[in-house]
Each structure stands twice: as structure tokens, then as C-alpha cells.
Amino acid sequence: MQPSLRAIILTELLVPLALLVFGAYHGVLQVLYRAGAIRATSFGGIDYYQGLTAHGVINAIVLTTMFAVALGHALVSQELESPLSIFGAGLSLGLMLIGAVMAAAMIFLGKATVLYTFYPPLKAHPIFYLGLALFIVGSWIALFTWIPVYLRWRKSHPGQKTPLAVVGMFATFIIWQMATLPVAYEVLVMLLPWSLGWTPGVNVVLSRTLFWFFGHPLVYFWLLPIYVLYYTMLPRLAGGKLFSDFAGRLSFMAFIVLSCPLGLHHQFADPGIPASWKAVQTVLTLMVAIPSMLTAFTLAASLEHAAHQRGGSGLFGWWKALPYFSHENWLFPYLFCGLVIFLFGGITGIINASYNMNSVIHNTAWIPAHFHLTVAGPVFLGILGMSLFLITGLLNKPVAAIPTALAVPYIWMIGTFTFSTGLFIGGLRGEPRRTNLGLTYLNPASPSYRPDWWISTHIGAIGGVIMGFAILLYFVVLIRSLLAPARVNVAPFTIPLSEAYHDENVASVRNFTPWVTVAVVLCVAAYYVPMRDIIRSKYQPAPAYSPGSAVPLANVR
Amino acid sequence: MASSSLPPQERVSRIEKQALWIATLFTALTIALIAYSVFALHASVPTCMPNMPVFKHGSIIKHGDKNYEVDFLARMWRFEPSKVVVPVGSTLDVAVTSKDVTHGFQILGTDVNLMALPFVLTTGHVHFDKPGIYHIVCHEYCGAAHQNMNALIEVSNQVDDISAEGLPSLDAAHALADAKGCLACHSTDGTVTVGPSFKGLWGQTSQLADGNTRMVDASFIKSMILHPEATPIKGFDPVMPAQALTDDEIDQLTTYIQELQ
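Keep in mind the model is a prediction, meaning the values are calculated, not measured.

## Quick word on the overall build of chain A
When helices and strands are counted, chain A shows 18 helices and two strands. Dimensions of chain A, computed from C-alpha atoms along their principal axes, come out at roughly 65 × 50 × 45 Å. Scored against the burial criterion, the 557 residues of chain A give a buried share of 66%. Taking all contacts inside chain A whose residues are at least 6 apart in sequence as the whole, residues at least 24 apart take part in 83%. Total accessible area computed for chain A in this model is approximately 19100 Å², and 70% of it derives from carbon and sulfur atoms. For chain A, the centre of its 28 positive side-chain charges and the centre of its 15 negative side-chain charges are spaced 7 Å apart.

Structure (C-alpha cells):
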């Protein structure tokens, strides 16, 4: 690998991990606030909602995006056996760093306490919006550095299958490209001029609809790099082969088609959007279950195949033969535990997407319980494990304290399940998400005190503290590995990828163009009418508010 | 198990196709169940109502015997009305909108779960068979005192008709306190929320965070409005923003607080 590309990848992995120290710290603080263990607006100089904003932006945007770019650089350059444009990769990194610093600075100065969804008319500082926009543009440039490499490879390898890992990373970033265009419009054309005071108000329904056009594919953007690890690394780590290479390609193409035209399922409770179009997008949402279940099947089959290679037998007995605590394959449990967590994330996702069933749980604690089983399950464990793998590999260092490294995913899984159990129960009892419960609902001195939320918030708190402990152990392993002396005379680092069980005909899923075309057509079909109605609507534009005052900002000036 | 004698390539394809079919059937079944709940059980979600005028104040309206409409105005950081009492067996059409930012509106224990967006109307429908307290919670982050924002519906067999608390007053000084944002944190009924209630505040001795005490009089009220950061009060977070009010407005508010004994 090019030395400068190596430096870029290492920066993209280490900077968000450093930010994660705060992101994880405030995750633990939140469960303590929510259980009433902290009864204050702020702790250690950081307000609850300010910390919640940082937790969302750092963990769900900065960490996930920079990891996806780093993994893409590594896999594309390795699998297509070609150097990448250092100018492109460097520009991408530079914009992402500047954007992240701008947004983080505004959050820590208390000028952007608007949560990571930044719903207007709560207003953040213009630098926050500008930072987010630069960050997103930086991530786009990563894809643009891979495209010429891919096209050259296709030309020089006629008739050959594109490596599955490359197909997966391209699918990830094609979805990202489609999904981020509307949110870039929202941020740059609607919110930025409004936050500067140039426009008097915003169309709130339109901005929410543009945000959620982005907000749900964002979830697939988090997940697909992990799907790449599942398809291309997990079978080999388990000691076997990928059961079906075709299933992987089909899943990635299906995600391109189905990721975007379904954001309305986040707006079931919103006014201003016809129920019929919410129903149309419900059907499209549920169709995503098909590639997901196909993936679950293929991975389970691959694991079974691997277990048989290791001497496992029986209809269920083969489970015992997988390398759960193998020192050589310490990465296996990071991917495996994530997969187990994801089963429950997927099932609860189907519940949330089921139209009127959403009324029971919309905006309750059930929602973070669900998405922590996706983004804090397979995604986060995949990022932790693969970052450690790449960092130590690229620096030629051994992974220190392997028994501790092996314990992290299991402890994290126990913590996540406990946390989510508490929040699922609380959500069904009406406990709201995104709320500093300790000040009122979990405070016996408040007229709003709700003793029936005591148990659920406390189960959530125990889970959150266990998750915090797992992260602490992870940082011990990471720092000790970074401090270890580099090995000499080792073979150049490559990411070990799985072979396929057999050679399938993949002609139908070889080219991206037809799948992207269908995706664009579906997006237009699913969004044209509701979007047209929202734009034509005569809603009074909403003036800006700061989170600290009930008086509109225009009146304060 | 007969398939195990096939060559691997065909075996994989066959099992794969079966998996794909099962996944498709499962998805179709889920969609069919949703369609059943919509068409047969009439379960629905909020929709677009472009021609409905948006109200500016909360209110209760009687449409018939035990058949009421309640217009809830969501605003930083309370609902208007804050409490509604209805007889057992009542049917409520609730209409919800927001005066300022995005709020949430869920009547716990019912199917009513809505988003309240500024100047956009949304509705829900609920029937109360059992007496009890039904809590309404704002479930979308709406600013610093979001956790204080709730209301309740009391379903009682002691009453014959609807009544409500927390509806807007016609009093000019109250309207001024409302317009300047004071009432977001200071109640007028004795309830302590983000800040002390205006009711009974006049003439009290305030404990300052630095250990000193101050009598609540005209000069202290004026200094708390113009420079709240100068004298933080013990037991309250120092979150009050300074308000650039005129002397005349401050006099009106002072008189208002004085009268709320």
C-alpha cells in the first residue's frame, strides 16, 4: 500500500476513535440521567442535550462515515491492485476533518444543542450546518477517487467478476451519494441562510421530509460496510468459505434499489403527508427484509459450513465448533456477536416499519432500544474490531492483551441486550426518548414523577454502564497495542478475504447501472407526489428559536 | 436430505431459492396483516389536511353528549390546556399544533401518538371507557425544559361535562408574560417547574446560590429580568436568559406578580 494512503487510513480510523472517548462517556452519562442517578441539567460542564447531540454526531455520523471511507480505501486499493489518487483521498480526509472540527466545536461551545437530527425551527450556529455539509462533501470525494480505478480495472479484466468487497463498498457509497443529496439541499439551501438570518422562516414539513429521505438510508450506510466484513471476512475467520457469492452481490444490488424510497416510515406520526403515500413506502420498507433475510441465511450457511470443516456436526451441534475464543481469530467474536445482536435489531425494525403499529412506540424509548441493536450492535462492534485489526495491521504491531480483546464483544453484547431490554420495556410504558428524565419523571420531588418508569430506566442504566465498561476495556487493548513495538520482517499487510464455496454465474448482478436506474425511478415514484404537495403547501414558514428560550430569535434581536 | 447427494453447486442454488421464497412469503404476510388492520380494523396514521385552519390558542369544544373536541396547543414548554377532565364514556377528537418548535404528543395508554409541528394541524381520536389519569407526554426534544412538558386527561365518573385548566387568560399582563416567554418556565398556579412559580412569589425571601438572601420586591424582579446571571438562585439551574424589556413592561410584570398572591 502507498505510505500516504496508509497514513490517511490510520487518521480516518484513529481520529473518530479519539472522539469516541467523549461519545461513549456521554452514552454512559445519559443512562444515569435517565434513571435519575443524575438530577441536573448538566454534569461536568456539559448539558444533557448538548452531550446527547455530541453522542449522536460523533458516534453515528463521524465514526461511521470515516470508518466506511477508511475501509473502502483499504479494500478498493487492495482488491483492484491499484494505487488511489492521494490528492483525492487527502482532500476527502481534509474536508471531513475540518467539517467534523467545525461541528464539534459548535456543539462543545453550546451553540448547536439541536441533536443530530437538527430539526428546525430549533436553530444551531451556521458553522454547525457548514461543518456538516463539508463533512458530507468530503465523504463523497472518497467515492470519486475509486471510480476511475474501478473503470480501469473493468477494462483490463474483461469478463472477470469484480471482487465482492469492492461491489459492497461501491454499493455503500452509491447509496450514500443518493441519500445525502436531499440533506445537502436541506442544510445548504434551507437551513444555512435561515440560520444566518437571511430568510425569515423554513418549511418544517419539507425539511423533515428531506432529512428522512437521508435518515433511513443512513442506516444502510452504517450497515453495508459491516455486511462487507460479514460476507468477505467472517466465513474465513470462522474457518470456511462464503456459502454463496451470488447472494452477496444480489443483496448489495437490492440495497441500492431499496435504500432510499422509504424514508416516510420515519414520519408515520407527522402531519402534512398523505397516509396513502406512507402506506406505499411501508411496502417498500418491508421489502428490504428480503435482502436482509437472504444475508442472514447465507451467513448462517457459511458459518455452518465452517463449523463442519472444524469437525462440528449435527443439526444444531455444529454451533459448538465455531472459534468463539480463538486467539488467532480474535476478530471473529466482534463480527459474530454483532450478528446475534442484529437478529433482534432486524425483528424490532420490522415492528417499527409496520405502519399503524408504529403509533404504539413512536418516539418512545423503544426507538433507541431498537437502533442500538443495529448501529450499536453489528455496526459498532464491526467498527471496533476492524479498526483494531486495520490499525495494528498497518502499523505492523501485535494486538496486545488478546484475552481482553476477546472479552470486549461479549461484554458489549450483554450490555447492549440489557440496555435495550430496559428501553424496550420503558418504551412500551410510554417513556419518551431524548428526554432528561432525571429532572422530572424520575425525580420524586417533581410533580411529574413517574414511579412506573423506575425499573425500566434502571435496567437501561445497568446495561449502559456495562457497555461503558466494554469500551473502557477496548481502549486498554487499543492503547497497549499502539504502545507495543512494531514487528520487523513481516509480510506486507493484506486483509484476509474469504473464498466462495463455488463459482456462480453473476452476470445479472455485474453492472451497477441498471440497479441504480431502478433506484432513481423508485425514488421519484415514491416521493414525487408527497414532495410536490409539501412544496406547494401554504404552511406559515417557521421562525428560528434557540433551545433556551420560548421567544423567537427574530424578536430578541 | 435427498438434496445432499446433488453436486454442491446445484444444492446451494436449491437451498438458496428456498430461503429466498421463505423471505418473500414472510414479507408478503407482514404486508397482508398491515393491509388487514387498515382496511378491516380501520387503524390509521396521521395524514395531510391542507384545508384545515390552524388554531392559535388551546380550547375545548362540545360537539354533543360526551363527544368533545380538544385543541391542544403545544408550546415551549407546556400544553394548552394542561389538564382536561372528561366523564367516563367520552369520545375525544384531539387536534394538535405547535406555536413555536417541533413537539411530540402521546396520550399514554392510547393509540394517539402525534408530532406537533409549527403551524401544521394534526388530529387523533380516542374513546375513554375506563376512569383514570391518562398522561400526555411531549416526546420530541423541544429545548432546555423539554422534560417539563406534559399534560393530563382525567377520566372521571364524578363529572357530567368537560372542563379544562391551563387555557389562555384574557388578562393583559398575563398576555405580556406569555409573549415575553416568562410562562415557559414560571407557572402562575404555584407549580414549580424550571423556575419558581409567580404565584406567591412576591414578598418571599429568596436564597441566593452564594448564600445571601434577597427579598422579592420590584428592584429584585427588575434585576432578575435584566441580569439574571448576576444573582443565581439556590435550587434552580442558572438557565434564565436576560430579557431586554422596557421599564414600562417590567412595571406591568411586577404588578402582575404582586397580584398573584
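## Re helix α8 (residues 245–258) of chain A
Residue and element names in this part refer to chain A. For α8, which comprises 14 residues, the first-to-last C-alpha distance of 20 Å matches the rise-based estimate of 20 Å (1.5 Å per residue) to within 8%. Counting buried residues in α8 gives 14 out of 14 residues, a clear majority hidden from the surface. Two or three places before phenylalanine 246, at the opening of α8, serine 244 has a side-chain oxygen 3.4 Å from that residue's backbone nitrogen.

## Observations regarding the pairing of strand β6 (residues 103–107) of chain B
Residues and elements named next belong to chain B. Within β6, five of the five residues are buried, which leaves the element mostly enclosed by the surrounding structure. Because side chains alternate across β6, one face comprises the buried residues His103, Phe105 and Ile107, and the other comprises Gly104 and Gln106, equally buried. Looking at chain direction, β6 and strand β7 (residues 113–116) are connected through four bridges and run antiparallel. Across the sheet, residue phenylalanine 105 finds its bridge partner in β7, namely leucine 114. In textbook terms, the turn of a hairpin is the stretch between consecutive antiparallel strands, and for β6 and β7 this stretch comprises five residues, one of which, glycine 109, has a positive phi near 85°. Relative to strand β9 (residues 132–137), β6 runs antiparallel, the two sharing two bridges.

## Overview of unusual backbone geometry
Across the junction of A:Pro120 and A:Pro121, the peptide omega takes the value 5°, indicating a cis bond. Along the chain, A:Pro121 turns up in the loop between α3 (86–108) and α4 (126–156). Looking along the chain, the bond that leaves B:Glu80 and enters B:Pro81 is cis, with omega of 5°. Looking at the element boundaries, B:Pro81 is found in the loop between β3 (78–80) and β4 (83–87). A positive phi angle, near 65°, is found at A:Leu115, a position not held by glycine. Position of A:Leu115 relative to the elements: it lies in the loop between α3 and α4. According to the relative accessible area criterion, A:Leu115 is buried, its value standing at 2%. Although it is not a glycine, A:Ala401 sits at a positive phi angle of roughly 50°. Position of A:Ala401 among the secondary structure elements: in the loop between α14 (375–394) and α15 (402–428).

## Here's the deal with a nonpolar patch on the surface
Residues and elements named next belong to chain A. Side chains of Leu130, Tyr185, Leu188 and Val189 sit close together on the surface and give an oily, nonpolar patch of about 340 Å² of accessible area. The dominant element in the nonpolar patch, judged by the number of residues it contributes, is helix α5 (residues 164–195), at three residues. Positionally, leucine 188 belongs in helix α5.

## Section: the packing of aromatic side chains
Residues and elements named next belong to chain A. Tallying each qualifying case throughout the model produces 45 aromatic pairs over all chains. Relative to phenylalanine 255, the ring of tyrosine 227 has its centre 5.4 Å away and its plane inclined at 85°; by these criteria the two rings are edge-to-face. Residue tyrosine 227 is located in helix α6 (residues 204–232), and its partner phenylalanine 255 is located in helix α8; the two are separated by 28 residues in the primary sequence. Across the pair, phenylalanine 255 and tyrosine 227 agree in class, each one buried. If you follow arginine 208 out to its NZ or CZ, it ends over the ring of tyrosine 119, 4.4 Å from the centre.

## Remarks on the sheet that holds β4(B)
Residue and element names in this part refer to chain B. The mixed open sheet is built from six strands, whose spatial order is β7-β6-β9-β10-β4-β11. Looking along the sheet, the strands with just one partner apiece sit at the ends: β7 and β11 (163–165). Across the sheet, the mean angle separating the axes of adjacent strands is 20° when strand polarity is ignored. Examined bridge by bridge, β4 and strand β10 (residues 150–156) share five bridges and lie parallel to one another. Within the sheet, the bridge partner assigned to lysine 83 lies in β10 and is leucine 152.

## Notes on the nonpolar core
By size, the foremost hydrophobic cluster in this structure holds 241 residues, and its most contacted members are A:Phe118, A:Phe128, A:Met233, A:Met386, B:Phe105, B:Ile107 and B:Ile153. Sort the elements by how many residues they give to this core and α6(A) lands first, with 21 residues. Formed by 20 residues, the second largest nonpolar core is a distinct cluster that contains B:Phe198, B:Val216, B:Ile250 and B:Leu260.

## Describing the environment of A:Gly430
Examined against the element boundaries, A:Gly430 turns out to sit in the loop between α15 and α16 (454–483). Residue classification places A:Gly430 among the buried residues on the basis of a relative accessible area of 5%. Separated by 348 residues in sequence, A:Gly430 and A:Ser82 have C-alpha atoms that sit 54 Å apart. Discounting chain neighbours no more than four positions away, the residues touching A:Gly430 are A:Trp453, B:Gln106 and B:Leu108.

## Looking at the interface of chain A and chain B
Of the residues lining the interface, 75 residues belong to chain A; the matching set on chain B comes to 63 residues. With both sides pooled, the region where chain A packs onto chain B buries about 5600 Å², and carbon together with sulfur makes up 66% of that total. One can count one salt bridge joining chain A with chain B. Salt-bridge contacts for B:Glu140 lead to A:Arg434; the nearest nitrogen and oxygen are separated by 2.9 Å. Class assignment for the residues of the side of chain A that touches chain B results in 44 nonpolar, 22 polar and nine charged.

## Brief notes about the domain arrangement of chain A
Residue and element names in this part refer to chain A. Structurally, chain A comprises domain 1 (1–160) and domain 2 (332–494). A straight line from the C-alpha centre of domain 1 to that of domain 2 covers 18 Å. Here domain 1 and domain 2 share an interface that buries about 2900 Å² over both sides, 74% of which is from carbon and sulfur atoms. When the buried surface of domain 1 facing domain 2 is broken down by residue, Leu17, Arg34 and Arg39 rank first, second and third, together holding 23% of it. Our count for the domain 1 to domain 2 interface comes out at one salt bridge. Where arginine 34 meets glutamate 431, a salt bridge forms, and the shortest distance between an N and an O atom there is 2.9 Å. Secondary structure elements with two or more residues in the side of domain 1 that touches domain 2: α1 (3–34) and α2 (48–79). Tallying contributions element by element places α1 first for the side of domain 1 that touches domain 2, with 14 residues. The residue inventory of the side of domain 1 that touches domain 2, partitioned by class, reads 26 nonpolar, six polar and three charged.

## Comments concerning the side chain of A:Ser448
Tracing the backbone shows A:Ser448 in the loop between α15 and α16. On the accessibility criterion, A:Ser448 (14% relative accessible area) is buried. Beyond its immediate sequence surroundings of up to four residues, A:Ser448 is in contact with A:Thr440, A:Tyr441 and B:Asn150.

## Re the pairing of β9(B)
Bridge count between β9(B) and β10(B): six bridges; the pairing is antiparallel. Among the inter-strand pairings, B:Val137 is bridged to a residue of β10(B), identified as B:Asn150.

## Describing the packing of helix α11 (residues 332–353) of chain A against α14(A)
Residue and element names in this part refer to chain A. As a packed pair, α11 and α14 sit with axes 7 Å apart at the nearest point and diverge in direction by 170°. In terms of their interaxial angle, α11 and α14 are classed as roughly antiparallel. Packed against α11, whose contacting residues are Tyr334, Leu335, Cys337, Gly338, Ile341 and Phe342, the element α14 presents Gly377, Pro378, Leu381, Gly382, Leu384 and Gly385 at the interface.

Cut-offs applied
- Residues numbered from 1 in each chain as written.
- Chains lettered and ligands numbered in written order.
- Predicted model: local features only at pLDDT ≥ 70, side-chain atom pairs only at ≥ 80, totals over all residues.
- Heavy atoms only, no water.
- Helix = DSSP H or I, 4+ residues; strand = E, 2+ residues; numbered from the N terminus.
- Buried < 20%, exposed > 50% of the residue type's maximum accessible area, 1.4 Å probe, protein only.
- Contact = heavy atoms within 4.5 Å.
- Areas by Shrake-Rupley, 256 points an atom, 1.4 Å probe, with all protein chains shown as cover.
- Lys, Arg positive; Asp, Glu negative; His and termini not counted.
- Charge placed at Lys NZ, Arg CZ, Asp CG, Glu CD.
- Expected span 1.5 Å × (residues − 1).
- Polar contact = N/O pair within 3.5 Å; in protein donor to acceptor, adjacent residues only side chain to side chain.
- Pairing = 2+ DSSP bridges.
- Patch = residues over 30% accessible without salt bridge, like charges linked within 9 Å, V, L, I, M, F, W, Y side chains within 5 Å.
- Salt bridge = Lys/Arg side-chain N within 4 Å of Asp/Glu carboxyl O.
- Phe/Tyr/Trp six-rings, centres within 6.5 Å; stacked < 30°, edge-to-face > 60°.
- Lys NZ or Arg CZ within 6 Å of the ring centre and 35° of its normal.
- Axes fitted to C-alpha atoms, helices over the stretch in contact; angles between N-to-C directions.
- Core = buried A, V, L, I, M, F, W, Y, C linked by side-chain atoms within 4.5 Å.
- Buried area = accessible area lost by both parts, 1.4 Å probe.
- Nonpolar A, V, L, I, M, F, W, Y, C, P; charged D, E, K, R; others polar.
- Domains from an automatic or database assignment.
- Parallel < 35°, antiparallel > 145°, perpendicular 65-115°, else oblique.

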